[in-house]
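A structural walkthrough
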Amino acid sequence: METVYKTYCTSYDNALLLVESYRKDPRLQEEIMDTLNAMVPHTSASDLSFFLVMPVQRVTKYPLLLGKILENTPAGTSAHRALAAAVSTMAQANANINEYKRQREVATKYNKAEHLTLRDRLARLNTHSIAKKTTRLSRLFMHEAGFVSKTEDKEYDNLEEKFQSVASSVAALKENVASYMAHLEAFLVPAPHKQELQMEEGPAQQYQHLAEHLHRAVFPEFKQRLDRLVWQPLCSLSEMLVGPQQLVKKRLDKLLDYEEIQERKSELGSVTYDEEAAMNTYLAINALLVAELPRFNQLVVQLLGQVLGSLCILHQDLAAEVLHEAEKELKQLPHGHMPLPAFWRLVEDTLQQAGAQLRTFTQAFETVTPSPVTQPLTAAEERKVLSLVSKHGPDKLYQVTSNVSGSKDLDLTLQRGQIVALLQRVDTKGNTSRWLVDAGGPRGFVPAGKLQPYSPVQGQQTGMQTPTQESVPDRRRHSYTSLEAPRPQVATFTPAFQMVAGFSFTARSPQEVSLQAGQPVVVLEPHDKKGSKEWSLVEVNGQRGYVPSSYLVTVPVQEPMGWSVPV
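Residues numbered from 1 in each chain as written. Predicted model: local features only at pLDDT ≥ 70, side-chain atom pairs only at ≥ 80, totals over all residues. Heavy atoms only, no water.

An unreviewed UniProt entry lists the chain under the name ARH37 factor, from Asarcornis scutulata.

1. Observations concerning the overall build of the chain
Where we set the bar: A run of H or I in DSSP becomes a helix once it reaches four residues, and a run of E becomes a strand once it reaches two; helices and strands are each numbered from the N terminus. The cut-offs for exposure are 20% and 50% of the maximum accessible area for each residue type, with area from a 1.4 Å probe on protein chains only; residues under the lower value are buried, those over the upper are exposed, and the others partly exposed. It only takes one pair of heavy atoms within 4.5 Å for two residues to be counted as in contact. Computed with a 1.4 Å probe, the accessible areas rest on the Shrake-Rupley method; for each residue, only the protein chains presented here act as cover.
Within the chain, the secondary structure is distributed over 12 helices and 12 strands. Considering the chain as a whole, with its 567 residues, one finds that 31% of them fall into the buried category. At a minimum sequence separation of 6, the contacts of the chain that also span at least 24 residues come to 63%. Split by element, the accessible area of the chain, about 36700 Å² in all, is 56% carbon and sulfur.

2. Side note on the sheet that holds strand 4 (residues 443-447)
For clarity, the cut-off: Here, strands pair whenever DSSP counts at least two bridges between them. To get an axis, fit a line to the C-alpha atoms, keeping to the stretch in contact for a helix; angles then go from 0 to 180 degrees between the N-to-C directions.
Overall, antiparallel pairing links the five strands, which are arranged 4-3-2-1-5 in an open sheet. Of all the strands in the sheet, just strand 4 and strand 5 (451-453) have a single pairing partner and so form its edges. Strand-to-strand twist in this sheet, taken as the mean axis angle between neighbours without regard to direction, amounts to 50 degrees. Where strand 1 (residues 397-400) meets strand 5, three bridges bridge the pair, whose relative direction is antiparallel. Looking at strand 5, one finds that Y398 is bridged to P453. Relative to the sheet, helix 12 (residues 379-392) contacts strand 1, strand 2 (419-424), strand 3 (434-438) and strand 4, its axis offset from that of strand 2 by approximately 20 degrees.

3. What about the confidence of the model for the chain?
Spelled out, the test is: One confidence number per residue, pLDDT, is output by the predictor and ranges from 0 to 100.
When pLDDT is averaged along the chain, the result is 79; 83% of the residues meet or exceed 70. For residues 457-495, every residue scores under 50 in pLDDT, and the model assigns this stretch 87 contacts once sequence neighbours within four places are set aside. Low pLDDT (under 50) marks residues 558-567, which in the prediction has 21 contacts with non-local residues, meaning those over four places away or in another chain.

4. Here we look at the UniProt feature "coiled-coil region" (unreviewed entry) in the chain
Filter applied, for reference: UniProt positions are given in the numbering used here, feature names are shortened, and annotations may be inferred rather than shown by experiment.
The sites that UniProt annotates as "coiled-coil region" (unreviewed entry) are residues 83-110. Helix makes up 100% of residues 83-110 and strand 0%, and the two end C-alpha atoms of the span are 41 Å apart.

5. Some remarks on the sheet that holds strand 10 (residues 543-548)
What the three strands build is an open sheet, ordered 8-9-10; its pairing is antiparallel. The sheet is open, and its two borders are formed by strand 8 (522-525) and strand 10, each paired with just one other strand. For this sheet, the mean inter-axis angle between neighbouring strands, taken without regard to orientation, is 40 degrees. Summarising the sheet, strand 8 and strand 9 (residues 535-540) pair through three bridges and their orientation is antiparallel. Looking across to strand 9, one finds that V523 is bridged to V538.

6. Some remarks on the environment of V420
Mapped onto the fold, V420 is located in strand 2. Residue classification places V420 among the buried residues on the basis of a relative accessible area of 0%. Remark: the alpha-carbon pair of V420 and G440, spanning 20 residues in sequence, is separated by 6.9 Å. Excluding residues that lie within four positions of it along the chain, V420 makes contacts with L388, K396, L397, Y398, L414, V437, D438, A439 and L451.

7. Things to note about helix 4 (residues 78-110)
For an α-helix, the turn length of 3.6 residues means that residues three or four places apart are oriented alike. Which entries qualify depends on this criterion: To estimate the expected span of a helix, subtract one from its residue number and multiply by 1.5 Å.
With 33 residues, helix 4 extends 48 Å between its outermost C-alpha atoms, agreeing within 8% with the 48 Å of an ideal straight helix rising 1.5 Å per residue. Listed in full, the buried residues belonging to helix 4 are L83, M90, A93, N94, I97, Q103, V106, A107 and Y110. Contact partners of the buried residues in helix 4: helix 1 (2-22), helix 3 (49-71), helix 9 (242-268) and helix 10 (273-330).

8. Focus: the packing of helix 1 against helix 4
Our working definition: Angles are sorted into four bins: roughly parallel if under 35 degrees, roughly antiparallel if over 145, roughly perpendicular if 65 to 115, and oblique for all others. The handedness criterion is simple: a crossing whose near helix is rotated anticlockwise from the far helix by less than a right angle is left-handed, and one whose near helix is rotated clockwise is right-handed. The nonpolar class holds Ala, Val, Leu, Ile, Met, Phe, Trp, Tyr, Cys and Pro. Asp, Glu, Lys and Arg form the charged class, and all remaining residues, Gly among them, are polar.
One can describe the packing of helix 1 onto helix 4 by two numbers: an axis separation of 9 Å at closest approach and a directional angle of 40 degrees. With respect to each other, helix 1 and helix 4 are oriented oblique. The way helix 1 lies across helix 4 gives a crossing that is right-handed. Across the interface between the two elements, E2, Y5, K6, C9, T10 and D13 from helix 1 touch A93, N96, I97, Y100, K101, R104 and E105 from helix 4. In terms of residue class, the contact of helix 1 with helix 4 is built from five nonpolar, two polar and six charged.

9. Looking at the packing of helix 9 against helix 10
Interaxial distance between helix 9 and helix 10 falls to 8 Å at its minimum, and their mutual angle equals 140 degrees. As judged from the angle between their axes, helix 9 and helix 10 are oblique. Like other packed secondary-structure pairs, helix 9 and helix 10 cross with a definite hand, here left-handed. Contacts between helix 9 and helix 10 pair P244, L247, V248, K250, R251, K254, L255, Y258, I261, Q262, R264 and K265 from the former with E275, E276, A278, M279, T281, Y282, L283, I285, N286, L288, L289 and F296 from the latter. Grouping the constituent residues of the contact of helix 9 with helix 10 by class yields 14 nonpolar, three polar and seven charged.

10. Notes on unusual backbone geometry
Despite not being glycine, N541 shows a phi value in the positive range, around 50 degrees. Among the structural elements, N541 can be located in the loop between strand 9 and strand 10.

11. Examining the side chain of E275
Using the following cut-off: Contacts described as polar in this section are N or O atom pairs within 3.5 Å, which, within protein, must combine one atom able to donate a hydrogen with one able to accept it, while residues neighboring in sequence count only if both atoms come from side chains.
Within the secondary structure, E275 is located in helix 10. Overall, E275 belongs to the buried group, its relative accessible area being 18%. At 2.6 Å, the side chain of E275 and the side chain of R264 are in polar contact. Leave out the neighbours within four places in its chain, and E275 touches I261 and R264.

Given below as structure tokens:
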């Protein structure tokens with residue numbers, strides 16, 4: 001009786017609101033009155049509320065009726081003892097029903113999710129609310145700092161931990177299903193069966209029929225079932241969690257108030273009426289959560305399991321349907337009735353034949369296709385090359401063998417024949433097939449297979465003269481091969497390059513040699529005796545010694561070494 005009356009009395013106010021909504025519909029109200037007059041004409045009831053209030057009044061009369069019977073029952077009899085127990089039990093049941101109703105009213109007040117704008121929130125601020133929030137925040141900081149002890153409730157803590165885990169699982173599943181449905185929607189947008197394959201018969205025709213049926217019937221039906229059996233239940237389950245989440249959050253706020261009031265009560269011995277009401281509010285919320293969270297958690301886990309089960313069954317049905325449709329189309333193919341082992345042997349033989357044909361074609365293509373040749377430079381390219389050489393040295397120059405179209409971040413778009421300077425033979429992820437280059441301004445990555453070391457075009461009548469071995473004091477000296485660019489009807493000159501000191505350096509030991517900025521040097525060894533490239537052995541004005549390698553730069557000679565005119 002107590003359980004039934006708890007539910008009824010708690011829902012009584014909502015029932016009255018529902019009856020009030022019925023009165024706004026004249027046709028519905030007329031039908032209700034016709035039914036009441038036909039079923040219970042002796043009551044002269046004017047509305048449904050006349051009957052709804054009866055159970056609420058009846059449960060409070062039970063203790064009075066039993067007490068009246070008890071007064072007229074002789075003491076000492078077995079009936080007297082049973083009636084006394086009944087009176088006590090019904091009185092306690094009424095008290096429990098009232099307390100449960102009060103708890104539900106508190107929960108209803110706080111478990112509604114409020115979507116307030118910033119203006120609404122600011123309008124709610126007043127001296128009392130600011131003081132209350134400041135006290136709660138101060139109490140929370142003292143908890144975290146360990147200045148005051150927290151009120152421990154292991155039973156509630158375990159229930160809340162499980163509830164938060166369940167809520168997190170529901171949210172994650174909802175997010176994943178939403179992403180899955182978005183991908184499914186994108187998958188259904190293209191229609192491959194509508195594309196002309198230019199094949200009138202054979203396997204392509206069967207594929208076209210299968211794709212058309214899947215896109216028009218199988219996949220749309222799967223999407224509808226997924227929405228009805230998985231997505232909508234998940235949304236409802238997510239909405240069910242909002243109220244308990246708000247109540248759990250409000251319980252923490254009320255707990256901080258409760259601890260503050262308890263501390264004040266222990267010091268002063270008494271509290272105000274409002275403070276007593278705040279303490280009772282916390283106790284009501286806590287009691288309600290402890291009583292109902294176990295059942296709520298169990299129901300949510302059960303519903304979540306049903307949703308996951310539906311998702312699995314939907315995919316099983318989809319796979320079975322696609323397989324069934326595919327088998328119908330496969331039967332129409334030439335090899336549809338072939339045993340599976342024989343079919344796989346046929347596939348392997350076909351792949352081997354295709355591989356052999358591809359290798360033969362590749363060999364023939366490599367035989368007849370000329371290898372890429374170095375492209376001649378334009379005047380603008382030659383000026384850019386001079387700049388690249390001065391920055392990086394002639395041994396770093398590479399030429400692009402085919403057009404490069406950048407498709408990734410930091411990729412360069414280059415034209416066939418452009419000259420670049422190599423900076424690194426690896427990209428940021430360690431991939432050696434993408435090199436970092438300087439294109440005379442922009443820097444980025446290009447495919448390593450489309451670069452080859454630059455060597456100038458041979459056989460031109462005019463061009464840049466290459467320094468001979470006799471003119472180089474040592475084989476380690478940085479030299480630059482000739483650059484040649486055809487310029488019809490224009491006289492060309494031949495720039496040379498040399499190593500100079502980019503900065504002044506003062507020798508600090510007999511093994512070092514001093515340099516002046518701009519002074520020409522001859523590099524004998526680009527490293528020291530230990531192999532370190534930070535120091536270079538050079539010769540300056542007949543003196544040999546070590547200088548920092550970073551102080552040396554390669555620059556073109558300002559004065560041309562010679563002129564030539566095309567014939």
